[in-house]
Structures are given as structure tokens and as C-alpha cells.
Amino acid sequence: MTENKNNPLLAEWNTPFNTPPFNLIDTAHFLPAVEEAVKLAEKEIQVITENTDKPTFKNTIAALDSAGEKLGRISSVLFNLNSAETNKLLQEATQKAAPVLTRFSNDITLNTKLFERIAKIFEKKDTAVYTTEEKILIERKYRNFMLGGAGLKEHERERFRAISEELSTLSLKFDENVLEETNSWVLHITDRSDLAGLPENLTDAAAKEAVSRNSEGWIFTLHYPSYVPFMQYSEKRHLREKMFRAYSSRAFRGNEYDNRNIVIKIVNLRLEIAKMLGFTNFAEMVLGDRMADTPEKVEKFLEELYTAAKPAAFRDLNTIKKFASEDGLKEPLERWDWAFYSEKLKKKLYDIDDEILKPYFSLEKVESAIFGLATKLYGIRFSANRSIPVYHPDVKTFEVYDNDDTFLAILYVDYHPRAGKSGGAWMTSYRDQRKKNKKDIRPFISIVANFTRSSESRPSLLSFNELTTFLHEFGHALHGMLTKCTHESLSGTNVARDFVELPSQFMENYAYEKEWLDTFAVHYQTGEKLPEEFIVKIKEAAAYNEGYACYRQLSFGFLDMAWHSLGNHTEISISDFENEVMTKTELFPPVEGLNMSASFGHIFGGGYAAGYYGYKWAEVLDADAFQYFKETGIFNNKTAESFRKNILEKGGTEDPASLYKNFRGRDPSIDALLKRSGL
Ligand SMILES: [Zn+2]
């Protein structure tokens, strides 16, 4: 207890804006702070369940949403640091804290007294007077408890728990098998002539791989950084075929790592859970809180896009076939030829690489251009504040203000790679927005990235891909910063899974607009403006072979929906099932022994089950939204104001389909995406 007295995580944060006191926090503070904060949260929950007044929105739903405030702020510091600035000790602390947090959240879901109160409010939700936000929060809380099994009878609960546990074990096993199969197969080359066409950085890496395995020559693996460029550049067709067959038959080779039985087990258990909870199939259960909220809507969406993309997919296929035969391919084009000829033609048509573009995108200019874009669109401004504590000297902080000088948010930016930071880029928060006793508690948002550092000879220069990444994460950040909600679990980016990428992908569109690029993209040495021909090429290259790519994404979406729309127990062979579903999107002659489902980690390992369609869904939304800006002017304040009021401020407080309609004046249409992708 005395220890906890001096624990800065548990104390009031007397920092500027009450931001986390990173300068005072030590790794050893985390575990005792989490344990103490869980106790506090449990007491808050107890106050709710032991209340003798009849359950109301305020004393139950709102109270539950704001319970565990301290725990929330401590765990977000812990998890955010564990991604952005970690070390062995912090990883250990996180691993020890994780089960404490899981147990706490399971205890809540299985708290019958609490569920009874929520259920009472839920049952009467249509006869009482609630705001839209309140109604959604009631439904959300009720759904979370229901999906956690709270509504089941005691004997069903046992089965439910058993299935849940088995499912998580099976998903882990599925991923482990895919990983094992990815790791165990290699292409070993000993004859230098077999390296024909491969870029030097790839062969260097393959030589290193060979050395690390005490081998001669070059070793290529099925991991992305080796597999993808090998398929794009190897001129040795029979080796491409070998690689392709190995890659596409992972966990489908009849050995101990074969996933076919696991797929069938997962599909059946998911169906059983869905039925226990009163749904006809798993897809229906999952989609309940999405923007595309029924399997029928998803199917209709996939079909519509399928019909529209079909001609473009065949056009792309024929273009590559023609190019390949002109290039000397005598046999019919096969799957293992696609990446090779596609890349070769792309290089011929749009030869524009990162090194040519980078000098126009210095990080310093890009940052002020992106902040400036937000100022142009929404009138918000950013003011650097060096007195806010940070967790690493690289991190910069900004106060963000609205056009009338109201304080909106604190923004942290952490741009560069270092040991202890995960790869990739992400937006996260240290505090989400909410109202507490009518006071507006504003959010603390953070953007973390891995952009190339500056060197003595040049400033930090972004690749085009890094530019769009920055815009993407900044779009999420705007969603987090501009939000104006009442309840934390519905504010900011706490929205439906198939809606959350709209603000982020929307921002990426600006990277292709001359009107915006002209405002900042000049060569860091010569001061020359980014030439227009480059912009045209970037745009065309982005739409290159999009018909084919879209078709492929759709085929995965159909496969995902087919597995999860099954309404009866199945023992079907997974190749028969898959072949039947995939026939309609097949562009190449069939090949024996290949299977997608057995290594489809998104839906059987990770959390994309009945959600793979979401990638295309989000693209439709962002293209359609940006089209509106193009029609009215990409910096148009009125359009921006409407985007802000209807989308960015609203979080998950209204049905996403109506939010979108309020902004756009109609439902989303696929036309803008078709146009942008050249379909
Ligand atoms: Zn995103």
C-alpha cells in the first residue's frame, strides 16, 4: 500500500492537460498499479449491482461505461508503450498484466446481477425516452453481454465456455501450422544462372539466409520479403512454379501441419455458438453491429462489385497474356506467371521509383502540409508544446485548437524506427473523449510510425507509400480528435469495424491531388516543384491491374462469407467446398493440390471471420466520400464541415449508414471506386 502511495500511475496527473507523467513512470509501477486499479473498478461495478433503486440508464449503463477510468488510463499507457517503446521488462509486465485484465473483463460479462439490470433496460428501450446515443449504448452493452454468453442457462454456459476455449486453441493451432509450413519449405539455389532477373538486394538476403543455415548458395523462403519479389522478378519459370505451388499448398499437404480438419472444426463450432445465441449462422451473429449489418447486405455488395469488376479483370488478364506472349512465353499464362509479367509491364509503363519521388517529400514539409490541410478543411490549428512529458525524446507534442480557439486535443507524433518499437504505423489514444458531469474531457491522440530518419547528408525523406501512410493515420487521428460524444465507448474511432477506415482512407486520396501536392511538394535541394508527369504516373500506377486485384479480393470475400453462412453442420471436403465457391472468380486453369482456406489466416487465425469484405467496403466509402469533395472542390469548407459534423464528430453514436447518408445525401455508391480504379 505504501508503495502504491508513491505510484505515479495511480496518483493524480499534475502535468500539462493531465497528460501521462512519462517522466515519472517506471516499469515496476505497472503491475501494482493495474492490480490496484482493478480493485477500484470492481468496487465501482459493485456500486452498480448493489444499488437497490430500479435500473436506469444513468445508474447502470452510463455508470458501467465510466467504471474503471483509472484502469483504462493505466492500461493504455502500458499497451501503447509496449508497442512504441518496449524492452524485456516492460514485455514481462505486460504479460503479467494481461491475464489480470482478461479476468476482470470476463468477471464483468459473467456478472449475472449486472446483466439482469442491463437486460431490464434493454427490454424497455423502445418505450422509454432516450437519445440516439443512449439507445445505441444500451444495445451495445446488451449485445456484448449476450455474445459473451450472459443470457445462456447454466448448462449451456458450460458448453459455451468449452467451445470458446476450443475455438481459441484451434485458431492458434491454425496459425502455428501455417507458420510452420511457411518456415519449413525453402528453395535452395546453387547455380548462379538460376538467379536470373532477381534484384541484388534479394539475392544478397538469400545468400545471407544460406550462410545462417550453414549452406552454400542462396536460400529463398515463403516469407513475404523473399516470396513476393521472387515471384515478381525470377525469369526461371519452373522455379516460380515450384515456389508458387509450395506457397499455395501450405497446411494442405497431408502432413501433421495440415489444416483441413481444423477448418471444418472451426466452422462447425462457430456455427454452434451462433445457434446457441439465437442466430441462423455465424455471419449473421458477427455482422449484427456492422454498417453492412446482415449477410444479405454483404452478399449483395460483393455481387454488385463482382459484376462491375468482371470485365476489367478479364481485360487485365488479356493485357498480361498478350504482353507475355510478345515477351516470348509460348505456353498458356499460369498463376505463377501473373506477378512476373504484371511487374514487368508495370515497370515498362510507369517507371517511377521511390528514389525519384522521395526528395519531394521531406518529413518536415509533409508534416506541416498535413496539419495545414486540416486547417484548410476544418479550421483547426496545431501549436507545439515542449513542456508535455514524453516517453522518448523523438516524440513531439501539439495542442490542437478549433477555429474558435476551443481546446480539442493533445496530439503526440512519434515518427522514426528504433529498437523497442513495433514495425508499421498506427494511431492510438492515451485518453478517449467523453463527458463527465457535463464537462467535456478531450482526448490524447498519438501517431506512431517508422519513417526513415534524417542523416547527416539529407533530411528525413518519405517514400510515396509513407506519405499515404501518414495521411491514413492522420485521418484516424482526426476522427479521434474532433469527436464530440458523451460516452467514451462510443466516441472517436470506437465505431463499427467496416466504418472505421473511412476517415483514414479518405485522407489518402489527397496524395494523388495536384492541387494539394502543389502546396508543398518541392525538391529539398533544388526547390523544384514535383513535376506533373510524376503525379500522372503515380495515379495511373495506382489503378494498374486494379480489375484483377479487385477480383481477387472479392474471391476471398466470397469464400469467407460462404464458410460463415453455412446453416448446418458440415463434413465437406474443404477443397470441394472451396472449388465450388471460387469457380465464379477463377481466371486461370485449375491446379490440383492448391488450397486457400487451409492458410487463410485472416478468417481462421485472426479476427476477420465474416469480415473480409470490409476491405472493399471501406474503399467504396472513401472513394465515394472523396468524390463528393472532388465535385465541390477538394478544399471546400462546406463539404468539409458536413464531413466533420456527420462523420468525424459523431463516433459510434448513430447508425453508420445514416451518418453516411446525412453527409452524402444518399447511400454510398460503388461508382467512384470503379472510376478511381479504372474499372
Ligand atoms: Zn487504418
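See the structure printed just above.
Residues numbered from 1 in each chain as written. Predicted model: local features only at pLDDT ≥ 70, side-chain atom pairs only at ≥ 80, totals over all residues. Heavy atoms only, no water.

1. Focus: the overall build of the protein
For clarity, the cut-off: Each helix corresponds to a stretch of at least 4 residues labelled H or I by DSSP, and each strand to a stretch of at least 2 residues labelled E; elements are numbered beginning at the N terminus. In this description the radius of gyration comes from C-alpha coordinates, and the expected globular size is given by 2.2 Å times residues to the power 0.38. Any residue under 20% of the maximum accessible area for its type is buried, any over 50% is exposed, and the rest in between are partly exposed; the area is computed with a 1.4 Å probe on protein chains only. When checking whether two residues touch, look at their non-hydrogen atoms; a contact exists if any pair is within 4.5 Å. For the area figures, the Shrake-Rupley method with a 1.4 Å probe applies, and any residue is considered shielded solely by the protein chains shown. The charge count treats Lys and Arg as positive and Asp and Glu as negative. His and the chain ends do not count. Where a charge lies is defined by one atom per residue type, namely NZ (Lys), CZ (Arg), CG (Asp) and CD (Glu).
Scanning the protein from N- to C-terminus turns up 28 helices and nine strands. Radius of gyration (C-alpha) of the protein: 27 Å, near the 26 Å computed for a compact globule of 679 residues. Along the three orthogonal principal directions, the C-alpha set of the protein runs to about 80 × 65 × 55 Å. Buried residues in the protein amount to 52% of all 679 residues. The long-range fraction of contacts in the protein, counting pairs at least 24 apart against all pairs at least 6 apart in sequence, stands at 74%. If you sum the accessible surface of the protein, you get close to 31,200 Å²; carbon and sulfur atoms cover 50% of it. Charge separation in the protein, taken as the distance between the mean sites of 87 positive and 100 negative side-chain charges, equals 3 Å.

2. Structural notes on the side chain of Asn-7
Note the threshold: Polar contacts here mean pairs of N or O atoms no more than 3.5 Å apart (in protein, one a potential hydrogen donor and the other a potential acceptor; neighbouring residues in sequence count only if both atoms are side-chain atoms).
Within the secondary structure, Asn-7 is located in the loop between helix H1 (2–5) and helix H2 (30–49). Side-chain polar atoms of Asn-7 contact the backbone nitrogen of Leu-9, separated by 3.0 Å. Those residues in contact with Asn-7 that sit more than four places away from it in its chain are His-29, Pro-32 and Ala-33.

3. Section: the sheet that holds strand E6 (residues 426–431)
Just so we agree on the cut-off: We treat two strands as partners when DSSP finds at least two bridges between them. Helix axes use the C-alpha atoms of the stretch in contact, all axes being lines fitted to C-alpha atoms, and the angles between their N-to-C directions lie in the range 0 to 180 degrees.
Reading across from one edge, E3-E4-E5-E9-E6 is the order of the five strands in this open sheet, with mixed pairing throughout. What marks the edges here is a single partner per strand, and that holds for strand E3 (381–384) and E6. Adjacent strand axes in the sheet meet at a mean angle of 30°, parallel and antiparallel pairs treated alike. On top of the sheet, helix H18 (residues 464–481) reaches E3, strand E4 (396–401), strand E5 (407–414), E6 and strand E9 (444–448); it is set at about 175° to E9, its chief contact.

4. Here's the deal with the layout of surface pockets
Quick note on the threshold: The rule is simple: put a 1 Å grid over the protein atoms alone, call a set of points where a 1.4 Å probe fits but cannot get out a cavity, call an open set with protein on both sides within 12 Å along at least five of seven lines a pocket, and count a residue as lining if it has an atom within 4 Å of a point. Grid points are joined across faces, edges and corners, and a volume is the space filled by probe spheres set on the points.
Here the second largest pocket defines a volume of roughly 1,600 Å³. Residue lining of the second largest pocket: 44 residues in total, with Asp-65, Ala-67, Gly-68, Gly-72 and Glu-488 positioned closest to the centre. Among the secondary structure elements, those contributing two or more residues to the lining of the second largest pocket are H2, helix H3 (57–66), helix H4 (69–84), helix H5 (88–109), helix H7 (132–147), E6, strand E7 (434–436) and strand E8 (439–441). Per-element accounting of the lining of the second largest pocket gives the leading share, nine residues, to H4.

5. Comments concerning the pattern of salt bridges
Defined as follows: Within this document, salt bridges are pairs made up of a side-chain nitrogen of Lys or Arg and a carboxyl oxygen of Asp or Glu, the two lying within 4 Å of each other.
Enumeration over the complete set of coordinates arrives at 46 salt bridges. A salt bridge links Lys-358 to Glu-355; its shortest N-O distance comes to 3.4 Å. In this structure Lys-358 comes out as buried when scored by relative accessible area, which is 14%. Across the salt bridge formed by Lys-616 and Glu-619, the nearest N and O atoms sit 3.1 Å from each other. Of this pair, Lys-616 and Glu-619 both sit in helix H25 (residues 614–632), separated by three residues, roughly a single helical turn. Judged by relative accessible area, Lys-616 falls into the buried class, the value being 5%. Ionic contacts of the salt-bridge type, sharing partners, join the residues Glu-85, Asp-394, Asp-414, Arg-418, Lys-421 and Arg-453 into one network.

6. Examining H2
Our working definition: A helix's residues, less one, multiplied by 1.5 Å, set its expected span.
Look at H2: 28 Å from first C-alpha to last across 20 residues, which is about the 28 Å you get at 1.5 Å a residue. Looking only at H2, the buried set comprises Phe-30, Ala-33, Val-34, Glu-36, Ala-37, Val-38, Ala-41, Ile-45, Ile-48 and Thr-49.

7. Section: the nonpolar core
Applied cut-off: Buried residues of nine kinds, namely Ala, Val, Leu, Ile, Met, Phe, Trp, Tyr and Cys, make up a nonpolar core once their side-chain atoms join them within 4.5 Å.
Judged by nonpolar contacts, the single largest core of 143 residues is most densely connected at Phe-361, Leu-411, Phe-474, Tyr-510 and Trp-516. Among the elements that take part in this core, helix H14 (residues 295–326) stands out by supplying 11 residues, more than any other. Excluding its chain neighbours within four sequence positions, the residues that come into contact with Phe-474 are Ile-370, Phe-371, Ala-374, Phe-382, Leu-411, Ile-447 and Met-507. Membership of the second largest hydrophobic core comes to 50 residues, among which are Phe-30, Ala-33, Leu-78 and Ile-410.

8. A few points about unusual backbone geometry
A positive phi angle, close to 70°, is found at Asp-405, a residue other than glycine. Summarising the element assignment, Asp-405 is placed in the loop between E4 and E5.

9. Topic: the packing of aromatic side chains
The geometry of an aromatic ring pair is captured by the separation of the ring centres together with the interplanar angle, meaning the angle of the planes. Convention followed: Ring pairs are drawn from Phe, Tyr and Trp, using the six-membered ring of Trp, whenever the two centres fall within 6.5 Å, and their geometry is named by plane angle: stacked under 30 degrees, edge-to-face over 60, tilted for the rest.
As enumerated under the stated definition, the model contains 56 aromatic pairs in all. The interplanar angle of 20° and the centroid separation of 5.9 Å between the aromatic rings of Phe-115 and Phe-145 together place this pair among those described as stacked. Residue Phe-115 is found in helix H6 (residues 112–123), and its partner Phe-145 is found in helix H7; the two are separated by 30 residues along the sequence. The burial state of Phe-115 is the same as that of Phe-145; both residues are buried. Taking the centre distance of 6.0 Å and the plane angle of 25° together, the rings of Tyr-415 and Phe-451 count as stacked.

10. A word on the coordination of the zinc ion
Just so we agree on the cut-off: Coordinating donors are taken as N, O and S atoms within 2.8 Å of the metal, stretched to 3.2 Å for Na, K and Ca; because water is absent from the atoms, sites can appear incomplete. Sites are called tetrahedral only when four donors show all angles between 85 and 135 degrees, square planar or octahedral only when four or six donors show opposite pairs over 155 degrees and all other angles between 65 and 115, and irregular in any remaining case.
Around the zinc ion, the protein supplies His-472 (NE2), His-476 (NE2), Glu-501 (OE) and Glu-501 (OE) as donor atoms, at distances of 2.1 to 2.8 Å. In this structure, the zinc ion is surrounded by four donor atoms whose angles at the metal cover 51 to 141°, and the resulting shape is irregular. The sequence pattern formed by the donor residues of the zinc ion is H-x3-H-x24-E. Residue His-476 is located in helix H18, and its partner Glu-501 is located in the loop between H18 and helix H19 (502–508); the two are separated by 25 residues in the primary sequence. We classify His-476 as buried; its relative accessible area is 9%.

11. Some remarks on helix H9 (residues 200–212)
Threshold: Working definition: the arc comes from the directions between the helix axis and the C-beta atoms, pointing outward to the latter.
Look at H9: 18 Å from first C-alpha to last across 13 residues, which is about the 18 Å you get at 1.5 Å a residue. Taken as a whole, H9 has its buried residues at Leu-202, Thr-203, Ala-206 and Ala-210. Taken around the axis of H9, the buried residues stretch over an arc of 95°, which confines them to a single face. Away from the buried face of H9 by more than 90 degrees, exposed residues Glu-200, Asn-201, Lys-208, Val-211 and Ser-212 are located. Those residues of H9 hidden inside the fold are in contact with strand E2 (218–221) and helix H10 (224–233).

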